[in-house]
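Chain and residue survey
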Amino acid sequence: MLLNDLPTPIPAKTAAIAQRRIGGRFNAWLFRDRGPESTPIVLTQRRVFVLPTRPGLVFGAVLAAMLIGAINYQLSLGFALTFLLAGLGHSAILHTFRNLAQLQIEAGAAAAVFCGDPARFTLRLINRRGNARYALKLRTGSALTTIDRVDAEGTSNAELVLPTQWRGWLRLPRVTLETRYPLGLIRAWSYLQPDMSILVWPRPEPDPPPLPLGHGNAGGIAASAAGRDDFAGLRLYQPGDSPRHIAWKAAAGGGPLLTKHFSGMQAGNVVLRWDDLPPQMDNESRLSRLAAWIERANSGGMGWRLELPGASLGPAEGSAHRNACLKALALFGQPQEPA
Amino acid sequence: MRLVGIERARAVWLTGSVAVTLAPHAASLPSWLSAIAALMLLWQCWIVLHGLRLPSRWLLLIAVAGVMAAVVTTYRIPVGKDPGVALLAAFLCLKLLEARSPRDGYVVVFLCYFMQLAQFFANQTISTAGVTLLGTLVTTAALTTLNSNLLGTAERLRMSALMLAQAVPFMLILFVLFPRVDAPVWGLPANAFGGSTGLSDTMTPGSISDLTLSGAIAFRVRFDGFTPPPAQRYWRGPVMNDFDGRTWRVGTARMLSSVPYRVAGPRTFYELTLEPHNRLWLFALELPGAPPENAVLMSDYQLISKAPVRNRLRYSLSAYPALRGGLGEDRYVLQAAQHLPPDFNPRTRQLAQELRSANPDASALVAAALRHFLQSKFSYTLEPPLLGQHSVDEFLFDTRRGFCEHFASSFVFLMRAAGVPARVVTGYQGGEINPVDGYLEVRQSDAHAWAEVWVEDEGWLRVDPTATVAPSRVESGLAMAVPDRQLLPFALRSAFSWVREVRYRLDAANNTWNQWVLGYNPQRQKEFLQRLGMQAPDWHSMTVAMSVLCGLLMLGLAGWALAQRGRLDPLQRAWDRLSQKLAPAGLERKAWEGPLDYAQRVGVAVPRLASAMFEIARDYSGLRYGANAPATRDNAARRLIDKINRLHP
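Quick caveat, the model's predicted, so the values are computed rather than measured.

Turning to the overall build of chain B, a few remarks are in order. Scanning chain B for helices and strands turns up 24 helices and 18 strands. Taken over 649 residues, chain B has a buried fraction of 36%. Within chain B, residue pairs in contact and separated by at least 24 positions form 72% of the contacts whose partners lie at least 6 positions apart.

As structure tokens, this is what we get:
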């Protein structure tokens, strides 16, 4: 039974085959595959599909057998029990559907990772209803996670962990959110693709040569009083900070409230230059080595300047500078925005 | 594999389901199987409680083979209802012992549902229905353990109860409107019906007094016309015509195509609901009018069904309590009604000759014989002494203590010895009106035997010698007539009025249950639907009505499932209100805008509101997405709602 106004949808497995065969247009229409969506996504009833599971089909067969027994032996109470269980099956459709319908999904944290490390997409499941929701399963590619419970008017975080193979933007593929709660006779599911991407940095070279020192004024890190001269980094918001210094963009992206921290220039003497690397190195190896140097400089508290073909960052120090540099490396030769 | 966490919870719930499902079967299963099932359940409990390993599969395979062999040996034929139920019960226990995956869990649950239906083969009383409902509740709760890890025991039961409650309207619609059929879909195996109590087609001294020890209902009657007084409530059953000196047997009788007597006198109509007795005869108030469908009237005025009464049977009849039949009775019938075995009861024959010579007229002879019964100081008792070879002689002249079959038998013997055609009629006499629902209840303890004599120009006359000896038996029922009441069924002793009251109510409830739930057959379905206003209820219109009503119900429940859209929490409502407040200034919140972005945009446009908006946005996102304890959350939400309300653009 289907609780939306679509014709009977075909099961996901068949759908996958169909997608390969007819190029996915039909499938896209049927399951409203509209590509990445901006969050919050609300699972309206049109997006929730309902079909019996295999135990649900067996349950139907058992009911048929019970009905024949009741008719044959003229068991009035047999009729009553069979009809009660049939009603239970219908109730299961509603409860399973309801367990998913009107759930709200927001994009959560999507922190950048080094290539090879697992990328963790966090989805916030927001339940605005007065009843808890149970046993929600999220799946995309090889990632699978189960949320046992989302409290009434509460939020739970679901983390989908995908492997990373290439640097650049990793977009969250289409996610299947499904539930069989409460009886397992019915499966309700929905497809969603929150517009989320994780930046995959180049993997740092495991054992890089020492940092190239010696350019600029050796060892001279000019200290200056903390002031408003230059943006130096972010730190966690503390009560009393001026609203004007809040990093609104970072907060709106789902992160914690951060305050922009400014300081005088603390330029280092380290200059990491693409062109200074040995000419026989290929692009990816160069990016790996630069990433390793940036990590080393950053952990050593040094400032540095990164010079890539067509771009130059710094000199500066701190984690914001490090992130900007790593981002430049990750997207080197690639589109700057997620495709 | 050891059971921990959710697997342990699953095992506990599944074991509970199986126990609740199989417990009521214990009475009808072979005792060895009940014992084995109980042992297996205890073993499973032991495993769960102590976190032990489940038994290995090959052990269970051996057990399956053993149980199958035992069932085949017990029942000889391994097909049919009883062996099938026994095998399923055994498999259910064994499956439980090997239930490792959720898939096994589904098998156990579905088997439980089926066994709950199988319980109705044994009986379908109100209490059985209650036990079954309990089983369904627990089994459905067990089903949730296969799909959710976090619910507590009470929550699982509540969920199960809620879903079953939502299923009840469906059950009612389908129960009332699902087209019922009379005939089974497939032929039933021969062992489908077991033995039942009731009158038999033979009568020996003691056979009816044994029956009166049962307080079970034989049939119930609802009168549409007048209700005849107790003394006229003779419910005719098997007519005994052949006597071999000890046992009376049903004689041969012809089927009649029409009523053999001219109907006259007052007539009453009634509907009789007969409990199954697995015999062919039906009971009818003397003398019956036209026979109901699927029954015929015999030449001895007995109603015979075309098939044994294996289910509760309801039929409508008319009766003429004052009518007599047999004015022009067949010669062979009268000859058969005078036959006696030779060499029995010489003293009774002697008495018959004396009465005959003193009263040449048959009517006077009957009266004289009754007078003899009255004067001989007979006593009416449930514990008559045993009788020897000349049973009628010993009863009439020596013991003089007997029950209705003694009186009827000796009276008919006396009449036949005197040359008057006579026969024994068995059936029920009396019955009690239940004041709660107005039905007349006739119990096994109302079983009775009386005599019929044939008199020229008068036909067959009913003579009840028991009524002569113990008039209160016919006027007020058995309980008033016998001195030894402690032998009677408890329900009949009627020592306390509240016991009677409770009994009346229970019987009325059972009757309603029988009439409307168990007796809901094609006829009653048709009657009921016509009363509800359906013009011609056939399967077609019933199916249409059923589909329409189920559709409406589904829509209603689906509406309930979607209803939460309007129910936003107060915080959300206040947040939406804020956007509406700012809308006149063109500062409505965009759908894609997060709280902090929105606050910043408002703060840039109207600097006066910047700090208030920032605070609101910060608190709102903290409450909405942060992890707070519920108590502090509620307080903070209230403060935030206040802040939003105080904001004036």
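Resuming the write-up.
Turning to the sheet that holds strand β17 (residues 311–316) of chain A, a few remarks are in order. All names here are of chain A. Strand order in this open sheet of 3 strands is β15-β16-β17, and the pairing throughout is mixed. The strands lining the two open edges of the sheet, one partner per strand, are β15 (270–273) and β17. Direction aside, neighbouring strands of the sheet carry axes that sit 10 degrees apart on average. Bridge analysis of strand β16 (residues 304–308) against β17 gives 4 bridges, and the strand direction is antiparallel. Along β17, the bridge assignment pairs Glu307 with Ser312. With respect to the sheet, helix α7 (residues 319–330) is in contact with β16 and β17, its orientation differing from that of β17 by roughly 160 degrees.

Listed by partner, the interface residues are 57 residues for chain A and 62 residues for chain B. Those elements that provide at least two residues to the side of chain A that touches chain B are α3 (54–72), α4 (76–100), β6 (133–140), β7 (143–150) and α5 (248–252) of chain A. Broken down by element, the residue count for the side of chain A that touches chain B peaks at 19 residues, all from α4 of chain A. Looking at the side of chain A that touches chain B, its residues break down into 34 nonpolar, 15 polar and 8 charged.

Residue and element names in this part refer to chain A. Of all 5 residues that make up strand β10 (residues 175–179), 4 are buried, and the element is covered over most of its length. Alignment of β6 against β10, held across 4 bridges, turns out to be antiparallel. Residue Arg139 lies in a different strand from β10, and its bridge partner there is Thr176. Strand direction decides the pairing type here: β10 and strand β11 (residues 186–192), joined by 5 bridges, are antiparallel. Bridge pairing links Thr176 to Tyr191 in β11. Connecting β10 to the antiparallel partner β11 that follows it, the hairpin turn spans 6 residues, and Gly184 within it adopts a positive phi of roughly 80 degrees.

Time to look at the nonpolar core. If you look at the biggest cluster of nonpolar residues, it comprises 128 residues, and the most contacted ones within it are Leu329 of chain A together with Val18, Ala89, Leu92 and Cys93 of chain B. Considering each element in turn, this core owes the most residues, 14 residues, to α4 of chain A. With 76 residues, the next largest nonpolar core counts Tyr315, Val442, Val453 and Ala470 of chain B among its residues.

Here we come to the confidence of the model for chain A. Averaged over chain A, the pLDDT score is 80; the fraction of residues at 70 or greater is 76%. This model gives residues 263–268 of chain A a pLDDT under 50, and the stretch forms 28 contacts once residues within four places in sequence are excluded.

Let us look at the pairing of β6 of chain A. Residues and elements named next belong to chain A. Bridge count between β6 and β7: 7 bridges; the pairing is antiparallel. Bridge pairing in β7 places Leu136 opposite Ile147. Following β6, the chain reverses through 2 residues before pairing antiparallel with β7; Gly141 in that reversal takes a positive phi of roughly 55 degrees.

Rules used in this analysis
Residues numbered from 1 in each chain as written. Chains lettered and ligands numbered in written order. Predicted model: local features only at pLDDT ≥ 70, side-chain atom pairs only at ≥ 80, totals over all residues. Helix = DSSP H or I, 4+ residues; strand = E, 2+ residues; numbered from the N terminus. Buried ≥ 20, exposed ≤ 12 C-beta atoms within 10 Å, placed from the backbone. Contact = placed C-beta atoms within 7 Å. Pairing = 2+ DSSP bridges. Axes fitted to C-alpha atoms, helices over the stretch in contact; angles between N-to-C directions. Nonpolar A, V, L, I, M, F, W, Y, C, P; charged D, E, K, R; others polar. Core = buried A, V, L, I, M, F, W, Y, C linked by C-beta atoms within 7 Å. pLDDT = per-residue confidence, 0-100.

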